[in-house]
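Remarks on the overall topology
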Amino acid sequence: MSVSARNNVTVRGDGQRAMMFAHGFGCDQNMWRHVTPTFEQDYKIVLFDHVGCGKSDLGAYDHVKYSTLSGYAADVVEIGQALDIKGGVFVGHSVSAMIGILASIQAPDLFSELVLIGPSPRYINDEGYEGGFTREEIEELLEFLDDNHLGWSAAMGPVIMGNPDRPELSEELVNSFCRTDPDIAKAFARVTFLSDNRSDLERCQARALVIQCRQDVIAQQGVGEYVRDHLPKGEMVVIDATGHCPNLSAPAQVISAIKAFV
Amino acid sequence: MEDLEDLYENAPCGYLSLAADGVIVKANRTLAGWLGTQSFELLGKRFYDLLNVPGKIFYETHFAPLLRMQGYFNEVALDLVGPDGRRLPVLANAAERRTSDGGVQFTRITLFQAGDRRRYERELVDAKNTADRARKELEELNRSLEARIAAGVAERLQLEQGLLAEKEVARLREQFVAILGHDLRNPLASIVGGLNILSREPQSDKARRVLTMMSHSTDRMSGLIQDMLDLARCRAGQGIAVDPKPTDLRGVLEQVVHELQTAYPGRNIQPSFEIEGQVPCDGGRIAQLVSNLLGNALTHGAPDRPVKVIATITDNEVMITVANEGEPIPDHIKDHLFEPFFRATSSGEKQGLGLGLFISYEIARSHGGNLQVQSNQKETQFCFTMPIFG
């Protein structure tokens, strides 16, 4: 199984320098579709699905390897090396922001610049640290995932409601965007929300930009500031967007923040 | 004619409309009622303000992106939380209304109460998880079946070999008893007989001394053989054979004290026998027991202090106590005193096989009685008790 097939890697664009996009928990590479077109002229765009998500090879899911974020980071490094990326740009959303930081520590030559959208090194509160959630709340979330097994399959089923504005989306989205094995989804949620990577931040030598939404219930502004302050070369831009997915809700602002940075 | 305003407000489902930035701009009366509030109280809040924490996370990571990309979502399970904290399990459908350039105008959400259904679904999920676990366990069991059979067979073989070995040990023990009982005892009896004959002949002084020494040695050897025989019988599970009959126990005890006083002329033995009449017991064995205890007390007790031998009798029990002063017996030794071949390291000259206390204990048991030890700074006390029946 090639890395490319395992992670459903797609490469497009005319540029020399690589710009790799990594999706977060609950999504797949489709979430970047409003952001990537702008960069296709100047960059080689690399998209992929984490193993267990989207159209990745579910058979490659290894419960031990993917029980830590470094397992996911190792895949990012492998993809980068398979494509011979050097000094590229990494754009990671949510949990993939931390995965990018870990990958850049594992292979510093790969990316010279990291764009971190809604990053959090730890979601659970700790002494002197406000991650936003208590352990009980996260445990409750893991249980709650069970409640949406059935709701999920119904929502993602083959019933395609009218989608007149964007007919190109329906088939692909319904079949891939949310197609996640429930057990894998739960394991991914566990590693996402129970990890603590605060001590890794200072080991990252790449330039890094934190893109923070003004109203993000998952990664609040204090957490974004923490990441910026603990990265050796960190800066932050706050965009006027609501929610945890500005790449979907405010793509124009995300694009201009990336452009200003790279 | 249907009243559409009324249909909206009092529909049998909840309606919510969100502005492009996610703020609630309209909510119907049904939903407000379910949440125990008024419609206008909901305006200005965000949809995720109505969700519990897991719902917020899940909504933000899954359904908000899905809604943006797909334009709708259906049948999503969520828990709404009212201002008073009441929890309302619902299923939600949502659709975006978009402008001609693809921007969001607003989002409409329809909510259906789903408490029973969610509970039922949760039970289904639990049942599925239980079945999955059982299946995995079964697979694991099947996978390891061969190994477990092999282990079982090996264990069985080992057991059988153990049984065979045990039979062999039992056979050897019986042989040993036979050797002790006949092959050693018979020649010893001849030597004792010879000594008796010789002692009746005229003797030189030297011959008399040697004959006395030889006589003590044969006594001692005969005692050791008897102990070994007793041990072998106990080990074979037969216990010490006793022959209880009415016995002048006081006479037996006095004889033992006399013998040991003769053997230890410098020592102070203080007997105190409050015991009269015939007691049913095996006099020879009781003499052996008391002799062991008294011999130990004289050997291990403080040499300048008296050793007491006390015997009392009640309607249903005989109690014989031997007590000496001196160093107490350490606990770690006390625990093993009655085991065969056990010897408390130290002290000098003639040590037996380490069977004395073991055999004394077995004699006590064969009489339905008990032998116990107490030892402290003041004194060390071995106490034999035996019930009397009838």
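Residues numbered from 1 in each chain as written. Chains lettered and ligands numbered in written order. Predicted model: local features only at pLDDT ≥ 70, side-chain atom pairs only at ≥ 80, totals over all residues. Heavy atoms only, no water.

This part covers the overall build of chain B. The helix and strand tally for chain B stands at eleven helices and twelve strands. Compactness check: chain B gives a C-alpha radius of gyration of 47 Å against a globular reference of 21 Å for 390 residues, more than 25% above the reference. Taken along the three principal axes of its C-alpha coordinates, chain B extends 150 × 50 × 45 Å. A separation threshold of at least 6 residues defines the contact pool for chain B, and within that pool the share at least 24 residues apart is 57%. (Helix = DSSP H or I, 4+ residues; strand = E, 2+ residues; numbered from the N terminus. Rg over C-alpha atoms; globule rule 2.2 N^0.38 Å. Contact = heavy atoms within 4.5 Å.)

What follows concerns the overall build of chain A. Across its full length, chain A holds nine helices and seven strands. A burial count over chain A gives 58% of its 262 residues as buried. Considering only intrachain contacts with a sequence separation of at least 6, the fraction spanning at least 24 residues in chain A is 77%. Surface exposure of chain A reaches about 10,100 Å², of which carbon and sulfur atoms provide 47%. (Buried < 20%, exposed > 50% of the residue type's maximum accessible area, 1.4 Å probe, protein only. Areas by Shrake-Rupley, 256 points an atom, 1.4 Å probe, with all protein chains shown as cover.)

Bringing a nonpolar patch on the surface into the picture now. Residues Leu145(B), Ile149(B), Val153(B) and Leu157(B) make up a contiguous nonpolar surface patch of roughly 360 Å² in combined accessible area. Along the polypeptide, Val153(B) turns up in helix α6 (residues 145-199). (Patch = residues over 30% accessible without salt bridge, like charges linked within 9 Å, V, L, I, M, F, W, Y side chains within 5 Å. Salt bridge = Lys/Arg side-chain N within 4 Å of Asp/Glu carboxyl O.)

Right, let's talk about the domain arrangement of chain B for a bit. Residues and elements named next belong to chain B. What the domain assignment lists for chain B is domain 1 (4-115), domain 2 (147-235) and domain 3 (245-387). Taking only C-alpha atoms into account, the centre of domain 2 sits 25 Å from that of domain 3. Taken residue by residue, the interface counts nine residues in domain 2 and twelve residues in domain 3. Between domain 2 and domain 3, a total of about 830 Å² is buried, with carbon and sulfur atoms accounting for 68% of that surface. Where domain 2 meets domain 3, there are one salt bridge. Residue Arg-285 pairs with Asp-230 through a salt bridge whose shortest N-O separation is 2.8 Å. Our count for the contact surface shared by domain 2 and domain 3 stands at two residue pairs in polar contact (both at pLDDT 80 or more). Looking at the side of domain 2 that touches domain 3 residue by residue, the class counts come to four nonpolar, one polar and four charged. (Domains from an automatic or database assignment. Buried area = accessible area lost by both parts, 1.4 Å probe. Polar contact = N/O pair within 3.5 Å; in protein donor to acceptor, adjacent residues only side chain to side chain. Nonpolar A, V, L, I, M, F, W, Y, C, P; charged D, E, K, R; others polar.)

So, about the packing of helix α9 (residues 283-300) of chain B against helix α11 (residues 356-366) of chain B. All names here are of chain B. Viewed as axis vectors pointing N to C, α9 and α11 meet at an angle of 140 degrees, and their least axial separation amounts to 9 Å. Considering the angle they form, α9 stands oblique to α11. Viewed along their axes, α9 and α11 form a crossing whose handedness is left-handed. Of the residues in α11, those in contact with Arg-285, Gln-288, Leu-289, Asn-292, Leu-293 and Asn-296 of α9 are Gly-356, Leu-357, Ile-359, Ser-360, Ile-363 and Ala-364. Considering only residue class, the contact of α9 with α11 consists of six nonpolar, five polar and one charged. (Axes fitted to C-alpha atoms, helices over the stretch in contact; angles between N-to-C directions. Parallel < 35°, antiparallel > 145°, perpendicular 65-115°, else oblique. Left-handed = near helix turned anticlockwise from the far one by under 90°.)

All names here are of chain B. Structurally, the position occupied by Gln-105 is in strand β5 (residues 104-113). Along the backbone, Gln-105 and Leu-18 are 87 residues apart, and their C-alpha atoms lie at a distance of 8.9 Å. Residues contacting Gln-105, with those up to four places away along its chain left out, are Ala-19, Ala-20, Arg-97, Arg-98 and Thr-99.

Here we come to helix α5 (residues 115-143) of chain B. In an α-helix there are 3.6 residues to a turn, and that puts residues three or four apart on one side. For α5(B), built from 29 residues, the straight-helix expectation of 42 Å at 1.5 Å per residue is met to within 8% by its first-to-last C-alpha distance of 42 Å. Buried within α5(B) we find Arg118(B), Glu121(B) and Val125(B). (Expected span 1.5 Å × (residues − 1).)

Right, let's get into the packing of aromatic side chains. Taken as a whole and judged by the stated rule, the model has 17 aromatic pairs over all chains. Relative to Phe382(B), the ring of Phe338(B) has its centre 6.4 Å away and its plane inclined at 85 degrees; by these criteria the two rings are edge-to-face. Of this pair, Phe338(B) sits in the loop between α10 (331-334) and α11 while Phe382(B) is found in strand β12 (residues 380-387), placing the two residues 44 residues apart along the sequence. Each of the two residues, Phe338(B) as well as Phe382(B), counts as buried. The rings of Phe25(A), Tyr61(A), Tyr66(A), Tyr72(A), Tyr123(A), Phe188(A) and Phe193(A) are connected pair by pair, giving a single aromatic cluster. Sitting above the plane of the Tyr129(A) ring, Arg198(A) keeps its charged end 4.8 Å from the centroid. Over the face of the ring belonging to Phe39(A) we find Lys259(A), whose NZ or CZ atom lies 5.9 Å from the ring centre. (Phe/Tyr/Trp six-rings, centres within 6.5 Å; stacked < 30°, edge-to-face > 60°. Lys NZ or Arg CZ within 6 Å of the ring centre and 35° of its normal.)

Turning our eyes to something else, we now look at the sheet that holds strand β2 (residues 18-22) of chain A. All names here are of chain A. In spatial order, the strands read β1-β3-β2-β4-β5-β6-β7; together these seven strands make up an open sheet with mixed pairing. Strand pairing shows two members of the sheet lacking a second neighbour, β1 (10-12) and β7 (234-242), which therefore form its edges. Taken pair by pair, the neighbouring strands of this sheet meet at an average axis angle of 20 degrees, ignoring direction. Sheet topology places strand β6 (residues 207-215) next to β7; seven bridges connect them, and they run parallel. Note that in β7 the partner of Val-210 across the bridge is Met-236. Running at roughly 155 degrees to β6, helix α9 (residues 251-261) makes contact with β2, β4 (88-93), β5 (111-117), β6 and β7 of the sheet. (Pairing = 2+ DSSP bridges.)

Turning next to the sheet that holds strand β7 (residues 269-274) of chain B. Residues and elements named next belong to chain B. Taken in spatial order, the five strands line up as β7-β9-β10-β12-β11 in an open sheet, and their pairing is mixed. Of all strands in the sheet, those bounded by a partner on one side alone are β7 and β11 (370-375). For this sheet, the mean inter-axis angle between neighbouring strands, taken without regard to orientation, is 10 degrees. For β7 and strand β9 (residues 307-313), the ladder comprises six bridges, and the chain directions are parallel. Directly across from Ile-269, in β9, lies its bridge partner Val-307.

What follows covers the confidence of the model for chain A. Residues and elements named next belong to chain A. In the predicted model, chain A carries a mean pLDDT of 86, and the fraction of residues at 70 or more is 87%. Within chain A, the element-level pLDDT minimum falls on helix α5 (residues 170-177), averaging 45, and the maximum on β2, averaging 97. Scored below 50 in pLDDT, residues 150-176 makes 46 contacts in the model with residues more than four places away or belonging to other chains. (pLDDT = per-residue confidence, 0-100.)

Our next topic: the environment of Val279(B). All names here are of chain B. As for its placement among the helices and strands, Val-279 is situated in strand β8 (residues 278-281). Remark: the alpha-carbon pair of Val-279 and Thr-61, spanning 218 residues in sequence, is separated by 94 Å. Ignoring anything within four residues of it in the chain, the contact list for Val-279 reads Lys-245, Pro-246, Thr-247, Leu-249, Ile-313, Val-318 and Met-386.

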